Amino acid sequence: MKTAFLMPKKTIRKTILLVDLLSPKLLYLLLNSGKRLLSMVLFITIILIKVIYVVISQD
Amino acid sequence: MLTWLSTQLIASLIFGASLSLLQYTYIKAFFLSLDVLLIIWGAMFLYQVTNRAGTIQIIGKSLAELTENCAFLGIFLGWLFPSFLQGMGGFGIPVAVSAPLLVSAGFSPTMAVVIASIGHGWAVTFGSMGSSFKTLMAVTGLSANYLAPFTAILLGISSLLCGLFVIYLSGGKKYFLKALPLTLSSSLVLSTGQYLLATNGLWVIAVTLPAMASLGFGFLYVRFFSKYSREYLQKMKREKRIEIMIALLPYILLVALIIIFNFFSPIKELFAPYVISFQFPQLSTAYGFITPAETGKKINLFLHPGTIIMISALLSFFLLKKKAYLKDDEIIDIAKDTFNNSMNTSIAIFSLVGTAVVMNHTQMTNVLAVGISRVFNQEIYPLISPFIGALGAFITGSNNNSNVLFGNLQLQTTKLLNLSAALILAAQTAGGALGSIMAPAKVILGCSTVGLNGKEGKVIGKLVLYTSVLILMLGIIVYIISRIL
């Protein structure tokens with residue numbers, strides 16, 4: 001199944017899994033080094049990626 | 001995923017969660033998920049190795065040829081074999097593998113799916129290398145020593161109930177009494193083995209090993225009590241016996257490695273320092289709900305059950321390759337299949353654990369628990385608790401996800417109603433195990449393997465009926481135990 005962005009569903013799922021596996025560690029490092037603004041930007045980006053995932057994959 | 005996003009929104013708009021709190025819960029959820037996913041990835045890898053080598057099919061076909069009695073076939077192919085498959089890796093595999101074998105043995109496709117589904121239900125919590133039990137420990141923060149006894153008792157009773165349902169459905173009244181001695185004795189092997197392993201820290205193999213033992217016991221039983229089986233075994237060629245032994249090799253290896261890693265002190269001491277854990281600060285909502293500072297989930301990458309399963313899968317690959325069951329380049333295909341087949345489960349677990357952690361940190365779980373404690377009193381709640389677990393499994397498709405969603409809710413409710421948390425959480429996970437039998441996600445997969453596409457509704461209808469009776473029986477047992485305590 002092709003999405004509006006011409007990305008196969010499997011690729012989108014791989015991207016989401018990669019986000020889930022890598023972003024928490026990065027977020028922890030940013031929070032602990034006091035870079036709160038950067039951590040907020042990262043977290044909002046994660047949420048936006050997930051919103052896009054829900055919209056295009058209907059999961 | 002949508003659930004995770006909505007929970008984030010509700011947590012910040014209604015329950016006063018700050019962005020910082022949401023960030024930390026996201027990180028905490030990652031470690032809780034990883035703890036469970038390592039086991040799931042390992043179990044899936046082992047399954048892919050054995051499936052590609054064809055060893056699962058060898059074991060299944062040998063069992064199908066062993067007897068001609070329909071109730072005994074039900075016991076072997078619809079109860080013990082799917083339970084064994086559930087022990088090493090669930091995800092609908094037990095039904096998907098056993099149902100076609102039952103059909104080839106003469107059962108109707110509908111009954112094949114129904115029998116295999118009911119037969120493996122009791123094994124779900126300690127199945128998939130104990131991943132659902134691990135989840136229950138992770139979300140409640142309680143130890144295996146505390147949770148295992150009641151969980152093993154309730155699931156042990158469930159194993160007998162599932163076995164009785166299987167022989168009734170496969171042999172009818174005519175063969176029920178004839179198959180009863182084997183059912184009772186197999187159930188004794190399953191439940192005693194499960195209890196002893198689970199309460200001694202070996203919950204990872206608390207289904208796999210007893211299921212192997214009960215298959216061996218069943219084999220000996222028909223060897224002595226069935227003329228057909230005796231003649232079949234006498235005619236069996238030496239090559240076939242060796243083939244069956246090789247097919248069992250991965251599982252024997254797994255059991256041996258788990259025992260070595262758990263009981264051989266020098267190995268434990270050598271790898272003990274390699275622990276990953278993060279420190280989390282105190283978190284509070286705008287309404288003053290505080291979660292104290294804590295060390296997050298500790299994960300030892302070398303001693304983790306998932307790593308041990310992964311090592312046994314790799315060793316099995318090399319052994320099976322040496323015996324010409326697998327080729328060199330197949331490891332890449334196995335890795336690809338493992339990744340593709342566990343991708344959806346992984347995303348779902350990350351999302352559901354994330355949802356549960358946010359709920360726990362923002363008082364949502366407490367609010368729900370207070371509501372439940374007002375509706376049900378201390379006397380009636382034990383009867384209801386398995387149904388809550390079953391509902392979670394029916395909705396989410398797995399015992400594991402049910403424990404993520406409702407584990408902590410049940411724990412909070414037991415505190416408010418002054419009930420034994422060990423008993424109610426055991427009821428939660430046992431209910432979840434039995435409830436997962438009728439989960440549409442599993443049934444659809446099972447139906448697709450026996451040509452029942454489009455007729456899933458009929459199968460689900462039958463399963464809902466039988467499973468509801470099973471869960472009601474479980475609820476009554478929990479109720480009786482709660483009155484004794």
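What you see is a predicted model; the values in this text were computed from it and never measured. (Residues numbered from 1 in each chain as written. Chains lettered and ligands numbered in written order. Predicted model: local features only at pLDDT ≥ 70, side-chain atom pairs only at ≥ 80, totals over all residues.)

Draft legend 1. Just the overall build of chain A, in detail. When you go through chain A residue by residue, the secondary structure sums to 2 helices and 0 strands. When burial is assessed residue by residue, chain A has 17% of its 59 residues classed as buried. (Helix = DSSP H or I, 4+ residues; strand = E, 2+ residues; numbered from the N terminus. Buried ≥ 20, exposed ≤ 12 C-beta atoms within 10 Å, placed from the backbone.)

Draft legend 2. Focus on the environment of L101 of chain B. All names here are of chain B. Relative to the helices and strands, L101 is located in helix α5 (residues 93-104). A count of 26 C-beta atoms within 10 Å places L101 in the buried class. Each C-alpha atom of the pair L101 and G87 lies 18 Å from the other, and the pair is 14 residues apart in sequence. Residues within four places of L101 in sequence aside, it is in contact with G60, A64 and L77. (Contact = placed C-beta atoms within 7 Å.)

Draft legend 3. Structural detail: unusual backbone geometry. All names here are of chain B. Backbone geometry places M129, a non-glycine residue, at a positive phi of 60 degrees. With respect to the helices, strands and loops of the structure, M129 is situated in helix α7 (residues 127-140). Even without a glycine there, the phi angle at A324 is positive, about 65 degrees. Its location among the elements puts A324 in the loop between α13 (305-322) and α14 (330-361).

Draft legend 4. Up close: helix α15 (residues 364-375) of chain B. All names here are of chain B. Given a rise of 1.5 Å per residue, 12 residues ought to cover 16 Å, and the 17 Å separating the end C-alpha atoms of α15 matches this to within 8%. Turning to α15, its buried residues are M364, T365 and A369. The buried residues of α15 occupy an angular sector of 130 degrees when the element is viewed end-on, so they sit on one face. Relative to its buried face, α15 has exposed residues pointing more than 90 degrees away, namely V367, G371 and R374. For α15, the elements touching its buried residues are α14 and α17 (399-417). (Expected span 1.5 Å × (residues − 1). Arc of directions from axis to C-beta.)

Draft legend 5. Highlighting the interface of chain B and chain A. Taken residue by residue, the interface counts 15 residues in chain B and 18 residues in chain A. Here the residues of the side of chain B that touches chain A are counted per class, giving 11 nonpolar, 4 polar and no charged. (Nonpolar A, V, L, I, M, F, W, Y, C, P; charged D, E, K, R; others polar.)

Draft legend 6. View of the packing of α7 of chain B against helix α18 (residues 421-435) of chain B. Residues and elements named next belong to chain B. Where α7 meets α18, the closest approach of the two axes is 11 Å, and the angle between their N-to-C directions is 140 degrees. Judged by the inter-axis angle, α7 sits oblique to α18. Note that α7 runs across α18; the crossing there is right-handed. Within the contact between the two elements, α7 uses S132, F133, L136 and T140 and α18 uses L425, T429 and G432. (Axes fitted to C-alpha atoms, helices over the stretch in contact; angles between N-to-C directions. Parallel < 35°, antiparallel > 145°, perpendicular 65-115°, else oblique. Left-handed = near helix turned anticlockwise from the far one by under 90°.)

Draft legend 7. View of the confidence of the model for chain B. In this model, chain B carries an average pLDDT of 88, and 100% of its residues clear a pLDDT of 70 or more. Confidence, read as mean pLDDT per element, is least for helix α10 (residues 227-235) of chain B in chain B (79) and greatest for α18 of chain B (96). (pLDDT = per-residue confidence, 0-100.)

Draft legend 8. Broad picture of the packing of helix α3 (residues 55-66) of chain B against helix α4 (residues 70-88) of chain B. Residues and elements named next belong to chain B. Interhelical geometry of α3 versus α4 gives an angle of 155 degrees and a closest axis separation of 8 Å. If you check the angle between α3 and α4, you find them roughly antiparallel. Relative to α4, the crossing made by α3 is right-handed. Side by side, α3 and α4 meet where G60, L63, A64 and L66 of the first sit next to L73, F76, L77 and F81 of the second. Its residues assigned to classes, the contact of α3 with α4 shows 7 nonpolar, 1 polar and no charged.

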